[in-house]
Amino acid sequence: MDAIVKNFPSQTDVDGRPSQKEAEDAVRVLLRWAGDDPQREGLIDTPTRVVKAYKELFSGYDLAAEDVLGRTFEEVAGFDDIVLVKDIPFHSHCEHHMLPVVGHAHVAYLPEGRVLGLSKIARVVDIFGRRLQTQETMTAQIAGAIAETLRPRGVAVMIEAEHMCMAMRGVLKQGSTTLTTTFTGAFKTDAAEQARFMSMVRGFR
Ligand SMILES: Nc1nc2c(ncn2[C@@H]2O[C@H](COP(=O)(O)OP(=O)(O)OP(=O)(O)O)[C@@H](O)[C@H]2O)c(=O)[nH]1
Ligand SMILES: [Zn+2]
């Protein structure tokens with residue numbers, strides 16, 4: 001439970017989450033509101049499936065990035081240059097419409113003695129992705145979690161994503177991409193390091 005409180009200062013920790021039955025009832029209300037009959041054969045199991053899917057899609061609320069980032073390695077022969085994991089695919093949901101956000105994250109850091117297991121970087125992207133988000137918040141959260149736990153010389157995060165709330169409804173702009181970046185440490189203060197990150201992300205496609 002500690003892990004949740006650290007990364008998710010939410011009402012649910014205070015008030016307790018609704019039960020599975022309450023969540024399924026809420027889906028039945030939405031089905032009726034949309035104009036369908038939750039009792040018809042094709043929809044009878046849908047509330048259970050939706051709640052199960054939500055459990056998976058929003059599983060990031062029950063995980064703490066610092067638990068994942070705690071495992072580091074020091075034996076890297078003095079390696080202290082950029083480590084970049086790029087094109088990490090992710091799915092999230094925008095906090096305004098609860099519609100999917102689909103994209104890729106590029107995450108780099110400049111080690112200071114210690115390095116992370118590469119898979120842990122992708123795990124952190126998933127932890128923050130599997131919550132209701134804005135792209136800006138998610139970008140800053142990934143950078144902040146790595147900066148605080150690993151204390152490297154710098155962190156750079158770029159996210160490129162398409163927001164279904166802009167594609168499937170509202171302004172209806174399919175295919176538009178939103179880019180966000182967060183830089184800390186040397187990536188923020190040193191234009192050359194920032195440029196190197198950009199060219200590594202863009203350069204070898
Ligand atoms: N900055 C930011 N905005 C987002 C993100 N995801 C969705 N939005 C925007 O959130 C805004 C919400 O605007 P509102 O006017 O309150 O809601 P709306 O009437 O549904 O807006 P429209 O999408 O323009 O129809 C919209 O402009 C969305 O495009 C995000 O990750 N970051
Ligand atoms: Zn939205």
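Just so we're clear, the structure is a prediction, and the values are computed from it rather than from any experiment.

Conventions adopted
- Residues numbered from 1 in each chain as written.
- Chains lettered and ligands numbered in written order.
- Predicted model: local features only at pLDDT ≥ 70, side-chain atom pairs only at ≥ 80, totals over all residues.
- Heavy atoms only, no water.
- Donors = N, O, S within 2.8 Å, 3.2 Å for Na, K, Ca; no water.
- Phe/Tyr/Trp six-rings, centres within 6.5 Å; stacked < 30°, edge-to-face > 60°.
- Buried < 20%, exposed > 50% of the residue type's maximum accessible area, 1.4 Å probe, protein only.
- Helix = DSSP H or I, 4+ residues; strand = E, 2+ residues; numbered from the N terminus.

In this structure, what is going on with the coordination of the zinc ion (ligand 2)? I would like to understand it.
Reference values for angles at a metal are 109.5 degrees in the four-donor tetrahedral case and 90 or 180 degrees in the six-donor octahedral case. Binding of the zinc ion (ligand 2) to the protein goes through Cys 94 (SG), His 97 (ND1) and Cys 165 (SG), at separations of 2.0 to 2.3 Å. For the zinc ion (ligand 2), the donor residues sit on a single chain with the sequence spacing C-x2-H-x67-C.

Would you take a moment to explain the packing of aromatic side chains for this structure?
The geometry of an aromatic ring pair comes down to the distance between the two centres and the angle between the two planes. Within the structure shown, the criterion is met by three aromatic pairs. Ring centres 5.0 Å apart and planes at 85° place the aromatic pair Tyr 54 and Phe 58 in the edge-to-face group. Overall, Tyr 54 belongs to the partly exposed group, its relative accessible area being 38%. Assessed through its relative accessible area of 12%, Phe 58 is described here as buried. Between Phe 183 and Phe 197, the aromatic rings sit 5.9 Å apart at their centres with planes inclined by 85°, giving edge-to-face as the arrangement. With Phe 183 in strand S7 (residues 178–185) and Phe 197 in helix H10 (residues 191–203), this pair connects stretches of sequence that are 14 residues apart. For Phe 183, a relative accessible area of 14% gives the class buried. We classify Phe 197 as buried; its relative accessible area is 0%. Here a set of aromatic residues connected by ring pairs shows up, and it is made of Phe 183, Phe 187 and Phe 197.

So yeah, pure geometry; function would need other evidence.
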